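Each chain is listed here by its residues.
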Amino acid sequence: MDFSIAAEDQQRLETLRRLGREEMRPAGWRADRAGAPLPVDDPFFVRMLAEGFGRTHWRPPGEAANEGAAQPAAPNKASSAAAQVLLAEEGAYWDRGISVALPGPGLGEPPILSMGTPEQKARFLLPFVNPQRPIWGGFAMTEPSGGSDVANIRTRARLDGDHWVLNGAKSFSGNSGRAEWIVVFATSDPALGRAGHRAFVVERGTPGLVDFRIEKKMGLRAYESTSFFLSDCRVPVANMLGGEAYYMQRSGGFKGAMNTFNAGRPAIAGMAVGIGRAVLDEAAAFMQANGLASDLRLRDRMERSRRKLKAALLLALRAAWLADQSKPNMVEASASKALAPPAAFEAASFAMEVMGPAAGRGEHLIEKLFRDVKALDIVEGTGQIQRVVMARHLVGLPN
């Protein structure tokens, strides 16, 4: 396996490293202190847009990816899944919350790219090729009744003439309150199980897309975790990703969702590693400043945490490498997602112990990272669900 990345991806990493120190960590700390996401008109987003964030790699057919040299390359977009893991790890090292808050199509982009028709890709992604202002896309799968069991989503989709009528509720959808559109998964018939899944692009201002609420969180406060309702929400037939032909494949909609998660889970694992690395660097600095750096027991625990984080990153890179080779990676993607967050949480717990009573005052970056890291064991499939996925594939655990 070769985890080396292309020269342009290496340049993206260096750009992200520079901006992380200068812009991202200060912005994330500012949002955390305020207890709320940065507003859409915050100058930080404008600066990041000027640096190339907020863009899609999609281009109209026949247009070269580098056409228009004046357009900055998207530093948060990679040419390979392995590079995406490394970019995710670096972004989370500086601030995972703010890296999710950055403008762009977000998690809504992969299903549009994998499921959408050429016309849908052009319609929904063209605004992100060279945006003139910060804009966002959204993705909504999780529901109040649960999110880990994707097969049992309850949001209903009913065909009515040239529209689909959606009814249901979605929870913890990143940036949906400020998004131009949201990719929403629903079921046309619960009796069909996975075969009934459909994906729709619901545009901002669509009647029936209502009651947005930004959830209050203990960590990752820099981005919006949004809940909303779909109440007789009428979505044009043209907004169903892939058209009806796509869903003639068995479980087409469910497979589209799973492909999104399998592509994203190694990156989530990378994010957990990034937070863990940041925690240990801050802990090392605290130990040095307080005469603890020579304590062999502390140094042993720190190195043990570093080894676990390194192993988790290597597993995430393997899962990404398999994706880049167009090989099945479900087990490896789930394993990386199951391994990395606990390793990062262990590192954060160690750092809090090292700080002692000072950790409880909420004035140190370590305390913030401790609050941030727990969510990584939950988003895009909990650790328990990842172990169920692995057991089904490795030892035939019944569904």
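Caption draft 1: View of the pattern of salt bridges. Taken as a whole and assessed by the stated rule, the structure comprises 30 salt bridges. Here Arg17 ties to Glu90 by a salt bridge, and the two come within 3.4 Å at their closest N and O atoms. Here Arg17 is found in helix H1 (residues 7–34), whereas its partner Glu90 is found in helix H3 (residues 81–101), with 73 residues between them in sequence. On the accessibility criterion, Arg17 (36% relative accessible area) is partly exposed. Given a relative accessible area of 4%, Glu90 falls into the buried group. In this structure, Asp95 engages Lys368 in a salt bridge whose closest nitrogen and oxygen atoms are separated by 2.7 Å. Of this pair, Asp95 sits in helix H3 while Lys368 sits in helix H10 (residues 365–373), and the two are 273 residues apart along the sequence. The burial state of Asp95 is the same as that of Lys368; both residues are buried.

Caption draft 2: A look at the confidence of the model for the protein chain. Confidence in the prediction of the protein chain, expressed as mean pLDDT, is 91, and 92% of residues score 70 or more. pLDDT under 50 marks residues 65–70. Its contacts with residues more than four places away, or in other chains, come to one contact.

Caption draft 3: Spotlight on the packing of H3 against helix H8 (residues 296–324). Remark: H3 packs on H8, axes separated minimally by 7 Å, with the N-to-C direction vectors making an angle of 145 degrees. For the pair formed by H3 and H8, the contact residues are Ala81, Ala82, Val85, Leu86 and Glu89 on the first element and Leu313, Ala316, Leu317, Ala320, Ala323 and Asp324 on the second. Of the residues belonging to the contact of H3 with H8, the class tally is nine nonpolar, no polar and two charged.

Here is what the cut-offs are and how they apply
Residues numbered from 1 in each chain as written. Predicted model: local features only at pLDDT ≥ 70, side-chain atom pairs only at ≥ 80, totals over all residues. Heavy atoms only, no water. Salt bridge = Lys/Arg side-chain N within 4 Å of Asp/Glu carboxyl O. Helix = DSSP H or I, 4+ residues; strand = E, 2+ residues; numbered from the N terminus. Buried < 20%, exposed > 50% of the residue type's maximum accessible area, 1.4 Å probe, protein only. pLDDT = per-residue confidence, 0-100. Contact = heavy atoms within 4.5 Å. Axes fitted to C-alpha atoms, helices over the stretch in contact; angles between N-to-C directions. Nonpolar A, V, L, I, M, F, W, Y, C, P; charged D, E, K, R; others polar.

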